[in-house]
Each structure stands twice: as structure tokens, then as C-alpha cells.
Amino acid sequence: AINATYQGYDLFSAGPPADGGVMLFRGLNILSGFGIPGFGQAPETYHLLGETQKVAFSYRTGVADPDLFDVPLKELLSDAWAQNRRSVIQFEQVLKSDEMKVAGPEKGRKRVGSSVMIVDARGNIAILAATLGDAFGSALKVPGYGFFLNDLLTDFNANPSSVKDPQSAELISGGQRPRGPEAPAVIFKNGKPSLVLNAYGPDDPAAVLLNIMVQKIDLGASCSGAVDSPRLLVRDRAFRMESGLYDQEMIRLKLALLGHTIEKEETIGFVQMVCFDEGSGRMEGASDPRTS
């Protein structure tokens, strides 16, 4: 597991070869320097959330199978890295550099995942985040067992000749696990569980959970309120907003004036979350209404 801190909370998520937790924590490290609680539900908050996705999620190549590669987690999650990337974000201008382009899934692919979350009265917590890649993976079913093989080898570079380094983690090699986007998170406050959350579906889990955590931790939303809140996703330079956000004309127009290319999105990811009341420890579960 990997860990980080944010606004007085202790965060834990899955480590490499999954890179979702690394991306989520890098995004939070960047946002921590902007004082989002002071902005509230304002265009500035969503501008920062979008720009942070650009700079936090653009560089995923450092994460690989730790059984075969040295993964520089300390550097990737350092305050120095976050401070350096935070410095390129401006309040009155949109980042347009090619190196900040966050690519979407390969054309024709739509990653499908599933999530099982369990929290019991004794304090046991478990999250299972699983995927075959595409809906039926490789479409090859194991005879007599009824499950399909995944197609995650396609997460490696499809064109080996384009990779200059023969030792690159982008190349398929024997026994190597591909990088995955999973980002299940368990969050503590003062040593006690505070939030348990996971995102699944075709959209980047780290980006989806970044939306949720800003709403819950920074903006004080309730458990179900944070899950229900409209989300945004930056992909291929497009600033994609769910209708609940897109339909807020003042926010949309201000973001457009800053230079964002805004698109309306029906849904962005699916989330499960359990929240613990800080005083009583009472649990509240929230499942995403977008799945119903």
C-alpha cells in the first residue's frame, strides 16, 4: 500500500503496479496548496480541479511492476514534485502545452471494472477492485470454469518499435504485470477510519475520486452529497462536465472565458463510499445513483 496526507487526513491506497493511487495522491498534493475550502462551489474550484488533472495525470510512466522495476514512489509523491507542478497552474489562464495533454482510452476500448466494498461492525474494511479490461476481457472463456481471461496485455505499448529503451516498462516481458488505474482508498482521521471509497467504470478512477474528495473533505458535503455531486474530467484537452455542473451557467461561462473547451458528459465514473461520523463512529454508506 502507499500512503499520503491531505488536510489532516491519512490516506492509503493500492500501490504499483496499480497507478491510480499514485495519481490520486499527486493530485491531492497539488491541490493542498491552493486553499480550495475558501473558494467553495465557485468557478475557481473547478478550474483548479481541471488544471490539477492535467498536471498530475500526464506523467504515468514512472509506475510499473515493482517486482521488475525500481518505482520512484518517494519522488512521485514528494512535496517537491507537487510544488514544482503546482507552480505551472495559473488562475487566469488554461494550460495548453502538449506535455499537459491527458489522453483518454485507446479508441474503440472502454475499460469496464467492478467494485466490492465491505465494512463491518467490528471495524474490518475490505475493498476489491477488479477488471478484465474490456467488458469480456480477451473474450476467451476458461473451459469448465465459466470465467473470461483479461486483455490487459493491451495496456503495454502496442507498437514496440516506438519504444527506444529496450528495458522500458512499456514493453511486454515475461511475468510482468501491466500498469492499472485502480485507486481504492481507505482514509483515517486521528487514527480512526473516516472514509472508505472506490471508483470503477470506464473513466479514470483517480480523476473521479479527486472530485469526490474535494467535495467531501474541502467543501464539506455529506457522504451521499459528495457522491451525488456533479463531476468533471479533463481528457484530450476537453473539459468534460456532467449536466449538474454544465447547467450552472455562471460557472460554465467563467470556465469558457478562461479558455477551457467545455463538453457535456452524461456520466463520469461510478463510486462507492462509506463515511464514519467523527464523534459517534456511526457508518453511512453511499452508492452512486448513476448506476441505477
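Residues numbered from 1 in each chain as written. Predicted model: local features only at pLDDT ≥ 70, side-chain atom pairs only at ≥ 80, totals over all residues. Heavy atoms only, no water.

1. A closer look at the packing of aromatic side chains
For the structure on display, the rule yields six aromatic pairs. Seen from their ring centres, Phe 39 and Phe 91 are 5.8 Å apart, and the 50° between their planes marks the pair as tilted. A residue pair is termed long-range when its members are at least 10 positions apart, and Phe 39 in the loop between α1 (20–31) and α2 (43–57) and Phe 91 in the loop between α4 (79–86) and β3 (112–119) qualify at 52 residues. In this structure Phe 39 comes out as partly exposed when scored by relative accessible area, which is 29%. Over the face of the ring belonging to Tyr 246 we find Arg 252, whose NZ or CZ atom lies 4.8 Å from the ring centre. (Phe/Tyr/Trp six-rings, centres within 6.5 Å; stacked < 30°, edge-to-face > 60°. Helix = DSSP H or I, 4+ residues; strand = E, 2+ residues; numbered from the N terminus. Buried < 20%, exposed > 50% of the residue type's maximum accessible area, 1.4 Å probe, protein only. Lys NZ or Arg CZ within 6 Å of the ring centre and 35° of its normal.)

2. Side note on the sheet that holds strand β7 (residues 232–235)
Spatially, three strands are ordered β7-β8-β9 in an open sheet, and the strand pairing comes out mixed. The open sheet has two free edges, formed respectively by β7 and β9 (261–265), since each of these has just one partner strand. Within this sheet the neighbouring strands show an average axis-to-axis angle of 30°, counted without direction. Sheet analysis places strand β8 (residues 238–242) next to β9, joined by five bridges and oriented parallel. Its bridge partner lying in β9, Arg 240 is registered against Glu 263. (Pairing = 2+ DSSP bridges. Axes fitted to C-alpha atoms, helices over the stretch in contact; angles between N-to-C directions.)

3. Concerning the pairing of β3
Sheet analysis places β3 next to strand β4 (residues 125–133), joined by eight bridges and oriented antiparallel. Across the sheet, residue Ser 114 finds its bridge partner in β4, namely Ala 130. Counting the residues in the hairpin turn of β3 and β4 gives five residues, including Gly 123, whose phi is positive at 95°.

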